[in-house]
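The primary structure of each chain is shown beneath.
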Amino acid sequence: MFSKSCEYGIRASIYIAEQSELGRKVGLKEVAKAINSPAAFTSKILQQLTRSDVLISEKGPHGGFSVLANTLDTVTLSHVVAAIDGDKIYTGCGLGLEQCNEKKPCPVHDQFKGVRDRLRDMLETTTLKSLTTELSEGLTFLKR
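Notes on the structure in this doc start here. Just so you know, the residues in each chain are numbered from 1, in the order the chain's sequence is written. Totals for whole chains, interfaces and linings use every residue, but because this is a predicted model, local features are given only for residues with pLDDT of at least 70 and side-chain atom pairs only at 80 or more, for both listing and counting. Values reported for side chains reflect all heavy atoms of the structure, with hydrogen atoms and water molecules removed beforehand.

1. Looking at the pattern of salt bridges
Alright, step 1. For this analysis, a salt bridge means a side-chain nitrogen from Lys or Arg found within 4 Å of a carboxyl oxygen belonging to Asp or Glu. Evaluation of the coordinates by the stated rule reveals six salt bridges.
Alright, step 2. As a salt-bridge pair, Glu 58 and Lys 25 come within 2.8 Å of each other at their nearest N and O atoms. Of the two residues, Glu 58 is situated in strand 1 (residues 56-58) and Lys 25 in the loop between helix 1 (4-21) and helix 2 (28-35); the sequence distance between them amounts to 33 residues.
Alright, step 3. When accessible area is computed with a 1.4 Å probe and restricted to protein chains, residues below 20% of their type maximum are described as buried, those above 50% as exposed, and intermediate ones as partly exposed. Lys 25 sits in the partly exposed class, given a relative accessible area of 34%. Helix and strand definitions follow DSSP, with helices as H or I runs of at least four residues and strands as E runs of at least two, each counted in order from the N terminus.

2. Focus: the side chain of Ser 66
Alright, step 1. Structurally, Ser 66 is set in strand 2 (residues 64-66).
Alright, step 2. Overall, the relative accessible area of 9% leaves Ser 66 in the buried class.
Alright, step 3. Among all residues touching Ser 66, those that are not within four sequence positions of it are Ile 16, Ser 20, Lys 25, Leu 55 and Ile 56. Pairs of residues are marked as contacts when any of their non-hydrogen atoms sit within 4.5 Å.

3. Considerations on a nonpolar patch on the surface
Alright, step 1. Patch membership requires over 30% relative accessible area and the absence of a salt bridge. Like charges are linked within 9 Å, and nonpolar side chains (Val, Leu, Ile, Met, Phe, Trp, Tyr) within 5 Å. Under the convention used here, a 1.4 Å probe and the Shrake-Rupley method define accessible areas, while residue burial counts only the protein chains that appear. Taken together, the side chains of Leu 95, Leu 97 and Val 108 make up a nonpolar region of the molecular surface, amounting to roughly 240 Å² of accessible area.
Alright, step 2. Counting through the fold element by element, Leu 97 comes out in the loop between helix 5 (88-91) and helix 6 (109-125).

4. Here we look at the nonpolar core
Alright, step 1. We define the nonpolar core as a collection of buried residues of types Ala, Val, Leu, Ile, Met, Phe, Trp, Tyr and Cys that are connected through side-chain atoms lying within 4.5 Å of one another. Among the nonpolar cores identified, the biggest contains 34 residues, and Ile 16, Val 31, Leu 46, Leu 49 and Leu 55 are the most heavily contacted of them.
Alright, step 2. Breaking this core down by element, the ones donating at least two residues are helix 1, helix 2, helix 3 (39-51), helix 4 (77-85), helix 5, helix 6 and helix 7 (128-136).
Alright, step 3. Among the elements that make up this core, the one with the highest residue count is helix 1 (eight residues).
Alright, step 4. Leu 55 has contacts with Ser 13, Ile 16, Leu 46, Leu 49, Thr 50, Phe 65, Ser 66 and Val 67, leaving out every residue within four places of it along the chain.

5. Concerning the packing of aromatic side chains
Alright, step 1. Classification of ring pairs rests on two measures: the distance between centres of Phe, Tyr or Trp rings, Trp counted by its six-membered ring, which must be within 6.5 Å, and the angle between planes, read as stacked under 30 degrees, edge-to-face over 60 and tilted in between. Under the definition given, this model contains one aromatic pair.
Alright, step 2. Seen from their ring centres, Tyr 8 and Phe 41 are 5.5 Å apart, and the 85° between their planes marks the pair as edge-to-face. Highlighted residues: Tyr 8 in helix 1 and Phe 41 in helix 3, separated in sequence by 33 residues.
Alright, step 3. Taking relative accessible area as the criterion, Tyr 8 reaches 11% and is therefore assigned buried.
Alright, step 4. On the basis of relative accessible area, Phe 41 is assigned to the partly exposed category, the value being 28%.
Alright, step 5. Ring-over charges, as used throughout, are those where CZ of Arg or NZ of Lys falls within 6 Å of the ring centre and within 35 degrees of the ring normal. The side chain of Arg 120 reaches across the aromatic face of Tyr 90, ending 3.9 Å from its centre.

In short, geometric facts, not functional conclusions.
Given below as structure tokens:
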């Protein structure tokens, strides 16, 4: 359902948020390695997330990427998805048809609409803070 860029963006955001909670800023190479993503690809994704105010980027010897501590509870996965993929995930057709809508639905329109609605709810209610807690406790992981 997510583009590859969005998948990496979500993983990067979680990793950076976890490191931010530990008081660390992280560089591009560290993020790319932590999420198992090519550095050049990761760089473009991090730029998008920074432009959308999901992440903070500071230059210089003590710089790096971070998430402001006071936003960990308010930045949700929907912010990350919107920054990279826009809102297509909420409006797209399950079969990829351009003309699918309520008046002219595809064969899976009603079922897919329910999936999209549940996905929207999950993305809008899941904060980076909740995901970093599970990661720190070893309940989840970002790469195998």
